[in-house]
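Letter by letter, the chains look like this.
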Amino acid sequence: MIARQETEEAIEEFEQGDEPKEKRELVIPGEVIATGNDYLPGDWAKRDGQDIIALRFGLADKSGRLIKIIPLSGTYIPRKGNVVIGKVLDITFNGWIMDIDAPYPSFLPLIECSKFVNKNDLSECYDIGDMLAVKVLGVKRKGIDLTARGKNLGKLEEGMIIKINSNKVPRVIGKEGSMINLIKKESNCDITVGQNGIIWIRGEKVEDELFAEKAILFVTEKSFIEGLTKKTKDWLEETKNNPKDIKEDKADKKKAKEAK
Amino acid sequence: MAYTKRPDGRKFDELRKIRAQVGVIPRADGSALFAFGDTIAIAAVYGPKPLHPQHLQNPEKGVLRVNYDMLSFSVTERKKPGPSRRSQEISKVTEWALAPALQINNFQNTVVDVHITILQANASTRCAGINAASLALAHAGIPMVDLVSAVSIGKIDDKIVTDLIKEEEDYEDGEGATDIPLAFLSKSGGITLMQLDGRTSTKKLKEAIEAGRAACKEIYELQKKVLKEIQEK
């Protein structure tokens, strides 16, 4: 009960904190967002003479004098400290090459593995094709350095992996994790959201996992509605009381599998 | 007999009916369809992603790679599938036409791949391809300073004509037909593509460029409208 109250408080906070001061407008590359020397260009915006122009397709966010673009699309660009989920592509003599859906190759060195590793056989620790939760240590010109040391990092076993647009990740997590905690609680699943848009879900039952997946897809589809946490909460409760849809979905999937 | 009337009844400065749509290819990072009447082009954008083979990588900036291809059923007589001298040339000029709009200098050693496919051709395929690619690049979230719009202008006999069709390209009477594909940066107005197939005077060429600029303004407004209408996936 206490936990629920906390969530409600978090929702309120989220709602208040998320109210945009000015309505965010959809802009296209090269479009003039504002004119005059009063404004400063932020992320993905540029000054061109008197005008501030957008460099990317996205929403223009004016906070005070600063104008920045919140991108809606595009590949994941790694930043130091991001927790991401990736797949082991190859094993070298001193570590693992991974695919984290970023523009650069990424590497997990042997010493950054959390457990003892037999140097003669790295595949005992992580094998090719394994999914790992890792943290970005740094981004260099030639590639990304990763680490598997830390809480909740390392190999992901069981469960399922889904992929969403990496630009929607902040929405799925919510203010201070309000959204993801809500989904976790309602679906009884363990969920890890990678900043690169890859999400790992593990629950006791497959139904729970499918429910969590549906909830996450609901959030990404409705990501630009205001007061989303509350809407999601209503949706979760409604769907939970009528679990018919999910079961039907499952039956459909089974049918599709058989058809294959 | 002088050229007084266009075969499809359009005015000399009138474009064909344009159809544009963004997000036609769900698995691509960005995609778009652009059609001038019967000419239909689709473009898919992937990346930025690591570039292989490695010797093509540029450690100073990201690389744009364009691949233009016509499907074998896109023309009246079956086209042999696969790359040809013509498609390689068009890939290259499209690349040059789009590059000035992109800001991919911070993506060292990576590539942005653009695949343009012509589904149906009735002249101006490279222009339709450039328009589609420009939309797809914006949709893929590639940093850009501007959009690119392209149109083909022709000199048929002694008339300047906007957005040619195949029948006009093959016109032979009088001074014959000259085909001038043009691409412009929409905001700054810079010319990023200009080819000329045929004969023309300097005066007529200047007229053609002005006609192209006017037509591209119209195309840009449409591109802008289409991009603003997309619901994010």
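Source: prediction; values computed, not measured. (Residues numbered from 1 in each chain as written. Chains lettered and ligands numbered in written order. Predicted model: local features only at pLDDT ≥ 70, side-chain atom pairs only at ≥ 80, totals over all residues. Heavy atoms only, no water.)

### A word on the overall build of chain B
A count of helices and strands for chain B gives 4 helices and 9 strands. Along chain B, helices (α) and strands (β) appear in the sequence β-β-β-β-α-β-α-β-β-α-β-β-α when read from the amino end. The C-alpha radius of gyration computed for chain B amounts to 18 Å, which stays within 12% of the reference 17 Å derived for 233 residues, consistent with globular compactness. Within chain B, buried positions represent 53% of all 233 residues. Of all intrachain contacts in chain B linking residues separated by at least 6 positions in sequence, the fraction that spans at least 24 positions is 68%. (Helix = DSSP H or I, 4+ residues; strand = E, 2+ residues; numbered from the N terminus. Rg over C-alpha atoms; globule rule 2.2 N^0.38 Å. Buried < 20%, exposed > 50% of the residue type's maximum accessible area, 1.4 Å probe, protein only. Contact = heavy atoms within 4.5 Å.)

### Some words on the pattern of salt bridges
Residues and elements named next belong to chain B. According to the stated counting rule, one finds 25 salt bridges over all chains in the structure shown. Close ionic contact of Arg-6 with Glu-168 constitutes a salt bridge, the shortest N to O distance being 2.7 Å. Of this pair, Arg-6 sits in the segment before β1 (18–22) while Glu-168 sits in helix α3 (residues 166–169), and the two are 162 residues apart along the sequence. Put simply, Glu-89 and Arg-126 hold a salt bridge, and the shortest N to O gap is 3.7 Å. Of this pair, Glu-89 sits in helix α1 (residues 85–98) while Arg-126 sits in helix α2 (residues 125–139), and the two are 37 residues apart along the sequence. A relative accessible area of 30% means that Glu-89 is categorised as partly exposed. (Salt bridge = Lys/Arg side-chain N within 4 Å of Asp/Glu carboxyl O.)

### Quick look at the packing of helix α3 (residues 178–187) of chain A against helix α4 (residues 206–221) of chain A
Angle between the axes and distance between the axes: these two values describe a pair of packed helices. Residues and elements named next belong to chain A. The contact between α3 and α4 brings their axes to 9 Å, and the two run at 150°. Taken together, the axes of α3 and α4 are roughly antiparallel relative to one another. Crossing hand, α3 versus α4: right-handed. Contact with α3, carried on its side by Met-179, Ile-183, Glu-186 and Ser-187, involves Asp-208, Phe-211, Ala-212, Ala-215, Ile-216 and Val-219 of α4 and no other residues of that element. (Axes fitted to C-alpha atoms, helices over the stretch in contact; angles between N-to-C directions. Parallel < 35°, antiparallel > 145°, perpendicular 65-115°, else oblique. Left-handed = near helix turned anticlockwise from the far one by under 90°.)

### Points about the pairing of strand β5 (residues 110–120) of chain B
All names here are of chain B. Bridging between strand β3 (residues 39–50) and β5 involves 9 bridges; their strand directions are antiparallel. Following the sheet pairing, Ile-42 is matched in β5 by Thr-117. Pairing analysis gives 8 bridges linking strand β4 (residues 63–70) to β5, with the strands arranged parallel. Bridging across to β5, Arg-65 finds its partner in Asp-113. (Pairing = 2+ DSSP bridges.)

### Considerations on the sheet that holds strand β1 (residues 25–27) of chain A
Ordered by their spatial adjacency, 4 strands build an open sheet running β1-β6-β7-β3 (chain A), and the pairing between neighbours is mixed. Where the open sheet ends on each side, the last strands, each with one partner, are β1 and β3 (40–41) of chain A.

### Examining the domain arrangement of chain A
Size of an interface, as often reported, equals the accessible area lost when the parts are brought together. Residue and element names in this part refer to chain A. Splitting chain A by domain gives domain 1 (2–71), domain 2 (83–155) and domain 3 (160–259). Counting residues at the interface gives 6 residues for domain 2, matched by 10 residues for domain 3. Taking both partners together, domain 2 and domain 3 bury about 640 Å²; carbon and sulfur atoms supply 67% of that area. The largest contributions to the domain 2 side of the interface with domain 3 come from Val-83, Ile-85 and Asp-101, which together make up 67% of the buried area. Inspection of the region where domain 2 meets domain 3 yields 1 salt bridge. Asp-101 serves as the salt-bridge partner of Lys-163, at 3.5 Å between the closest nitrogen and oxygen. Counting across the interface, domain 2 meets domain 3 through 4 residue pairs in polar contact (both at pLDDT 80 or more). Per-element accounting of the side of domain 2 that touches domain 3 gives the leading share, 3 residues, to strand β8 (residues 83–92). Its residues assigned to classes, the side of domain 2 that touches domain 3 comprises 5 nonpolar, no polar and 1 charged. (Domains from an automatic or database assignment. Buried area = accessible area lost by both parts, 1.4 Å probe. Polar contact = N/O pair within 3.5 Å; in protein donor to acceptor, adjacent residues only side chain to side chain. Nonpolar A, V, L, I, M, F, W, Y, C, P; charged D, E, K, R; others polar.)

### Quick notes on the confidence of the model for chain B
Averaged over every residue, the pLDDT of chain B is 93; residues scoring 70 or more account for 98%. Looking at the elements of chain B, mean pLDDT is at its lowest for α3 of chain B, recorded as 91, and at its highest for α1 of chain B, recorded as 97. (pLDDT = per-residue confidence, 0-100.)

### Comments concerning the interface of chain B and chain A
Counting residues at the interface gives 31 residues for chain B, matched by 30 residues for chain A. Carbon and sulfur atoms supply 55% of the area that chain B and chain A bury against each other, a total of about 2400 Å² over both sides. Applying the counting criterion to the chain B and chain A interface returns 2 salt bridges. Salt-bridge contacts for Glu-31 of chain A lead to Lys-228 of chain B; the nearest nitrogen and oxygen are separated by 2.9 Å. At the boundary of chain B and chain A, one finds 9 residue pairs in polar contact (both at pLDDT 80 or more). The set of elements that each furnish at least two residues to the side of chain B that touches chain A consists of β3, α2 and α4 (202–229) of chain B. The class makeup of the residues in the side of chain B that touches chain A is 14 nonpolar, 9 polar and 8 charged.

### Some remarks on the nonpolar core
In terms of nonpolar packing, the biggest core is built from 86 residues, with Trp-96, Leu-108 and Tyr-126 of chain A together with Phe-34, Leu-137 and Leu-227 of chain B touching the most fellow members. The contact partners of Leu-227 of chain B, leaving out residues within four places of it in the chain, are Leu-26, Ile-28 and Phe-57 of chain A together with Val-22, Leu-135, Ala-138, His-139 and Leu-147 of chain B. Counting 24 residues, the second-largest nonpolar core is a separate cluster that includes Leu-182, Ile-201, Ala-212 and Leu-228 of chain A. (Core = buried A, V, L, I, M, F, W, Y, C linked by side-chain atoms within 4.5 Å.)

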